[in-house]
Amino acid sequence: MSVNVRYTRYLVFALVGLTFFYLVSRTNLRLPSSASFSRPAPTYNEFKANKFQIPGANSTERVNATFVTLARNSDLWDMVKSIRTVEDRFNRDYNYDWVFLNDKEFDEDFKKLTTALVSGTTHYGLIPKEHWSYPEWIDQDKAADARQEMDRKKIIYGGSESYRHMCRYESGFFFRHPLMLNYEYYWRVEPSIELFCDIGADPFRFMKENDKKYSFVISLYEYEATIPSLWSSVQKFMANHPQHIAQDNAMEFISDNGGETYNKCHFWSNFEIGSLEWLRSQAYLDYFESLDKDGGFFYERWGDAPVHSIAAATMLRKDQIQFFHDIAYYHVPFTHCPNDEQTRLDLRCSCKPKDNFDWKDYSCTNRWFKVNHLQKPDGWD
Ligand code: GDP
Ligand code: MN
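The notes below deal with the structure included here.

### Overview of the state of the cysteines
A full pass over the atoms with the stated rule returns 3 disulfides. Each sulfur in the disulfide pair Cys265 and Cys364 lies 2.1 Å from the other. Judged by the sign of its S-S torsion, about -85°, the cystine formed by Cys265 and Cys364 is left-handed. Note that Cys265 is positioned in strand S8 (residues 265-267) and Cys364 in the loop between helix H14 (341-346) and helix H15 (365-371), a separation of 99 residues in sequence. Note on Cys364: relative accessible area 0%, which makes it buried. Put simply, Cys337 and Cys351 are joined by a disulfide, and their sulfur atoms are 2.2 Å apart. Taking the sign of the S-S torsion, about 75° here, the bridge from Cys337 to Cys351 comes out right-handed. Here Cys337, found in the loop between strand S12 (334-336) and H14, pairs with Cys351, found in the loop between H14 and H15; they are 14 residues apart in sequence, far enough to count as distant. Residue Cys337 is classed as buried on the basis of its relative accessible area of 0%. With relative accessibility at 8%, the residue Cys351 sits in the buried group. Assigning the bonded cysteines of the chain consecutive numbers by sequence position, one obtains the connectivity 1-4, 2-6, 3-5.

What follows is the structure, encoded as structure tokens:
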């Protein structure tokens, strides 16, 4: 009798032990001791292979994120195209919210149609006057003279006042609009863009799980005439706030001489998936305030693309910036199309690989690959 009890006890221990190890291996649970091993971040492809499930609107797997669009009422029909492409290629399965921002009230037609097309909840925000007007330290006559001069020189948007307010707003304010405060990540969408491939997995989730703060699909050189004094303004900021400059940053991407001069490379910001919490951080706010005080949004024509890019390349670690290789994208006049045929087939892409801008002369993406010691993928030309 007592022998039987002992054997039964061993049997139970053995079964419990086996079940435990079976569960650990099945569910990929990590034992506490393995948490201290540093694991290289997965590539986006690996992430997709592991996380292909589509969570649905109420799932806790969704990230606290939103699409965001700055637009005028007159942008409605171009916006409709962008929404359709984003919904068809991605959001119909995820139902993320969409925030629309405007310096004037959106009209009923705009709200009615965009609400019908977006699968998630839509929100419409009016931009407060103090975020879309001249700060008191700006000399408006000097700004008007600068516009006239740049218009005469035929610099793109050189004569436009509203374009300058737009660039300043995208640089320093959209992430602090009351409608944006509840979200952690954003995906910026402009009118008349196109996505050529299925997205395949949730880029918001990829960003969050891998501590990415900023991302891009196309990069290129900025027009010198729009930013003559931007780099000296950045240098002043860096000298005054050395604590905001990150170790292992991507300075090499934007400067060929350790920060002495700007090479004009920037991420094309009409596409962005990024962290709102980073933009709302003290580092970014100090950066924007310092640049804004120097007046180049009005006396020159600083774009939000170089402003965001320089911030990302100096105040983030290089590995917190993500190049989304297989998000195929078009905004006039450039296309990003995966050259790898298997990717195009898997993601049902409709872009022509010949149109891919990445390796053309005017692109900076080859530089991004070099700085990050990345191999040009097979089949890319
Ligand atoms: P580009 O891509 O640099 O040629 O500039 P866009 O004309 O596409 O403008 C960039 C973004 O800002 C787009 O989402 C526009 O809809 C938006 N935008 C530009 N100007 C204005 C403006 O005056 N008011 C509002 N509400 N949105 C604007
Ligand atoms: Mn645009």
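### As for the coordination of the manganese ion (ligand 2)
Around the manganese ion (ligand 2), the donor atoms from the protein are Glu190 (OE) and His331 (NE2), and they sit 1.9 to 2.2 Å away. With Glu190 in the loop between strand S4 (185-188) and strand S5 (194-195) and His331 in strand S11 (residues 329-331), this residue pair connects regions lying 141 residues apart in the sequence. Like His331, Glu190 is buried.

### Some details on the side chain of Asn356
Within the fold, Asn356 resides in the loop between H14 and H15. Here Asn339 takes part through its side chain, which lies 2.8 Å from a polar atom of the side chain of Asn356. A polar side-chain atom of Asn356 sits 3.4 Å from the main-chain amide nitrogen of Asp358.

### Remarks on the site of ligand 1
Lining the immediate environment of ligand 1, one finds 14 residues, of which Leu70, Asp75, Asp103, Tyr157 and Tyr163 sit closest. Measuring from a nitrogen atom of ligand 1, one finds a side-chain N or O atom of Asp103 at 2.8 Å. Here an oxygen atom of ligand 1 and a side-chain polar atom of Tyr157 are 2.5 Å apart. Across the complex, the protein chains shield 84% of the 570 Å² of accessible surface that ligand 1 would expose by itself. By residue number, the principal contributor to the shell around ligand 1 is helix H6 (residues 161-172), which donates 3 residues. Counted by class, the shell around ligand 1 contains 7 nonpolar, 3 polar and 4 charged residues.

### What to know about helix H11 (residues 282-294)
For H11, which comprises 13 residues, the first-to-last C-alpha distance of 19 Å matches the rise-based estimate of 18 Å (1.5 Å per residue) to within 8%. Residues of H11 that are buried include every one of Ala283, Tyr284, Asp286, Tyr287, Phe288, Ser290, Leu291 and Asp292, and no others. Phi turns positive one or two residues past the end of H11, at Gly295, with a value near 85°.

### Some details on unusual backbone geometry
Negative phi characterises most residues that are not glycine, and trans characterises most peptide bonds. The residue after Val332, namely Pro333, is reached through a cis peptide bond having omega 0°. Turning to its location among the elements, Pro333 is positioned in the loop between S11 and S12. Residues other than glycine seldom take positive phi values, yet Lys154 does so here, at roughly 60°. With respect to the helices and strands, the residue Lys154 is situated in the loop between helix H5 (140-152) and H6.

### Quick word on the pattern of salt bridges
Applying the stated rule across the entire model yields 25 salt bridges. Residue Asp78 is joined to Lys81 by a salt bridge in which the shortest nitrogen-to-oxygen separation is 3.7 Å. Within this pair, Asp78 and its partner Lys81 are both found in helix H3 (residues 76-89), separated by 3 residues, close to a single helical turn. Note on Asp78: relative accessible area 31%, which makes it partly exposed.

### Quick look at the nonpolar core
In this structure, Phe174, Tyr284, Tyr287 and Trp368 are the most contacted members of the largest nonpolar core, which totals 58 residues. Setting aside anything within four residues of it in sequence, one finds Tyr284 in contact with Ser171, Phe175, Trp278, Leu279, Val307, His308, Ala311 and Met315. Within the second largest apolar cluster, 41 residues are counted, among which are Ala65, Phe67, Phe206 and Tyr329.

### Some words on the packing of aromatic side chains
In the structure shown here, the tally under the stated rule is 46 aromatic pairs. Taking the centre distance of 6.3 Å and the plane angle of 25° together, the rings of Tyr169 and Phe173 count as stacked. Residue Tyr169 is classed as buried on the basis of its relative accessible area, which comes to 0%. Residue Phe173 is classed as buried on the basis of its relative accessible area, which comes to 7%.

### Focus: the side chain of His331
Judged by relative accessible area, His331 falls into the buried class, the value being 14%. Reaching out from His331, the side chain makes a polar contact with the side chain of Glu190 at a distance of 3.1 Å. Among residues more than four places away in sequence, those in contact with His331 are Glu190, Ile193, Trp268 and Asn270.

Rules of the game
Residues numbered from 1 in each chain as written. Chains lettered and ligands numbered in written order. Predicted model: local features only at pLDDT ≥ 70, side-chain atom pairs only at ≥ 80, totals over all residues. Heavy atoms only, no water. Disulfide = S-S within 2.5 Å. Helix = DSSP H or I, 4+ residues; strand = E, 2+ residues; numbered from the N terminus. Buried < 20%, exposed > 50% of the residue type's maximum accessible area, 1.4 Å probe, protein only. Donors = N, O, S within 2.8 Å, 3.2 Å for Na, K, Ca; no water. Polar contact = N/O pair within 3.5 Å; in protein donor to acceptor, adjacent residues only side chain to side chain. Near = heavy atom within 4 Å. Areas by Shrake-Rupley, 256 points an atom, 1.4 Å probe, with all protein chains shown as cover. Nonpolar A, V, L, I, M, F, W, Y, C, P; charged D, E, K, R; others polar. Expected span 1.5 Å × (residues − 1). Salt bridge = Lys/Arg side-chain N within 4 Å of Asp/Glu carboxyl O. Core = buried A, V, L, I, M, F, W, Y, C linked by side-chain atoms within 4.5 Å. Contact = heavy atoms within 4.5 Å. Phe/Tyr/Trp six-rings, centres within 6.5 Å; stacked < 30°, edge-to-face > 60°.

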